[in-house]
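Structural characterization, general
Single-letter residue listing:
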Amino acid sequence: MKPLYSLAAFTALFLLAGAPLPAAATPDKAQPQQMPPGHPPMGAAAKPAAPVDLKGIKKAPGGMTVQEIITGAKGLNGKKVTVRGRVTKFLPEIMGKNWVHLGDGSGADGKADLTITTKGTVKVGDLVLATGTIAANKDFGSGYKYDVLMEDASFKVE
């Protein structure tokens, strides 16, 4: 005689029907979940980052401003450029790369922002010279699309 339902189907129906889980399958409510040591605070405990001052940043000799890179992205595609700016955000180890946002006070509202990938590390607030290859219309898929991106950059902290 063949069973009407498999064990997996029975278990799924059992759980969906709202039956309580066996004690071994329920999390221990007495033990709050902990983040790994050194993990930044999340949720209500997280504090918004202080704004980074982008005033008075001078264009690098032979380099470009963030706004010039953004405006000229198509013509710069595949070319190596240098930009001076202040790190406004650092996001480590996403898709095997560190992601940096750089501003230099350029742009109509002074808030032009360049996204950069690197293997290096920098800190928010660092004044840096960044040199890397420009990629225009870079699409990583899954919603990660950039009109302009500086890739594989090296940094010199000033």
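Here's a quick rundown of the structure.

Parameters at a glance
- Residues numbered from 1 in each chain as written.
- Predicted model: local features only at pLDDT ≥ 70, side-chain atom pairs only at ≥ 80, totals over all residues.
- Heavy atoms only, no water.
- Helix = DSSP H or I, 4+ residues; strand = E, 2+ residues; numbered from the N terminus.
- Buried < 20%, exposed > 50% of the residue type's maximum accessible area, 1.4 Å probe, protein only.
- Contact = heavy atoms within 4.5 Å.
- Areas by Shrake-Rupley, 256 points an atom, 1.4 Å probe, with all protein chains shown as cover.
- Phe/Tyr/Trp six-rings, centres within 6.5 Å; stacked < 30°, edge-to-face > 60°.
- Patch = residues over 30% accessible without salt bridge, like charges linked within 9 Å, V, L, I, M, F, W, Y side chains within 5 Å.
- Salt bridge = Lys/Arg side-chain N within 4 Å of Asp/Glu carboxyl O.
- Pairing = 2+ DSSP bridges.
- Lys, Arg positive; Asp, Glu negative; His and termini not counted.
- Polar contact = N/O pair within 3.5 Å; in protein donor to acceptor, adjacent residues only side chain to side chain.
- Core = buried A, V, L, I, M, F, W, Y, C linked by side-chain atoms within 4.5 Å.

Some points on the overall build of the chain
- Secondary structure summary: the chain contains 3 helices and 5 strands in total.
- Reading the secondary structure of the chain in the N-to-C direction produces α-α-α-β-β-β-β-β.
- Burial statistics for the chain: of 158 residues in total, 28% are counted as buried.
- In the chain, the proportion of contacts linking residues at least 24 apart, taken out of those at least 6 apart, comes to 56%.
- Carbon and sulfur atoms form 60% of the exposed surface of the chain, whose accessible area is close to 11,000 Å².

A short note on the packing of aromatic side chains
- For the structure shown, the criterion picks out 3 aromatic pairs.
- With centroids separated by 5.7 Å and ring planes inclined at 70°, the aromatic side chains of W99 and F140 adopt a geometry described as edge-to-face. With W99 in strand 2 (residues 97-103) and F140 in strand 4 (residues 127-141), this pair connects stretches of sequence that are 41 residues apart.
- Residue W99 is classed as buried on the basis of its relative accessible area of 4%.

So, a nonpolar patch on the surface
- Together, L91, I94, M95 and Y144 line one region of the surface with nonpolar side chains, adding up to about 320 Å² of accessible area.
- The exposure class of L91 is partly exposed, given its relative accessible area of 32%.

Here's the deal with the pairing of strand 5 (residues 144-157)
- Looking at chain direction, strand 3 (residues 114-118) and strand 5 are connected through 2 bridges and run parallel. Bridged to T118 within strand 5 is A153.
- Between strand 4 and strand 5, which pair antiparallel in sequence order, lie 2 residues; one of them, S142, sits at a positive phi of approximately 55°.

As for the side chain of D104
- One can find D104 in the loop between strand 2 and strand 3.
- In this structure D104 is buried but unpaired, with K59 as the nearest side chain of opposite charge at 8.7 Å.
- Polar contacts involving the side chain of D104 include one to the main-chain amide nitrogen of V66, which spans 2.8 Å.
- At 2.5 Å, the side chain of D104 and the side chain of S106 are in polar contact.
- When near neighbours in sequence (up to four residues on either side) are disregarded, D104 contacts L54, I57, T65, V66, V83, R84, G85 and A112.

Thoughts on the side chain of D126
- Examined against the element boundaries, D126 turns out to sit in the loop between strand 3 and strand 4.
- It turns out D126 is buried and unbridged, and the closest side chain with the opposite charge, K123, is 4.8 Å from it.
- Only 2.9 Å separates the side chain of D126 from the backbone nitrogen of K123, close enough to count as a polar contact.
- Excluding its chain neighbours within four sequence positions, the residues that come into contact with D126 are G85, R86, V87 and V157.

A closer look at the nonpolar core
- The biggest cluster of nonpolar side chains holds 20 residues, and the ones touching the most others in it are I69, V83, L102, L114, I116, I134 and M150.
- Counting residues per element, the ones that place at least two in this core are helix 2 (66-71), helix 3 (73-76), strand 1 (80-94), strand 2, strand 3, strand 4 and strand 5.
- The element best represented in this core is strand 4, accounting for 4 residues.
- Ignoring anything within four residues of it in the chain, the contact list for L114 reads V66, I69, V83, V100, H101, L102, V148 and M150.

Some remarks on the pattern of salt bridges
- Applying the stated criterion across every chain, the model contains 3 salt bridges.
- Across the pair R84 and E158 runs a salt bridge whose closest N-O atoms are separated by 2.7 Å. Residue R84 is located in strand 1, and its partner E158 is located in the segment after strand 5; the two are separated by 74 residues in the primary sequence.
- Given the relative accessible area of 15%, R84 is considered buried.
- Owing to a relative accessible area of 43%, E158 belongs among the partly exposed residues under this scheme.
- A salt bridge links K138 to E151, with the shortest nitrogen-to-oxygen separation between them at 3.2 Å. Placement of K138 in strand 4 and of E151 in strand 5 is noted, with a sequence separation of 13 residues between them.

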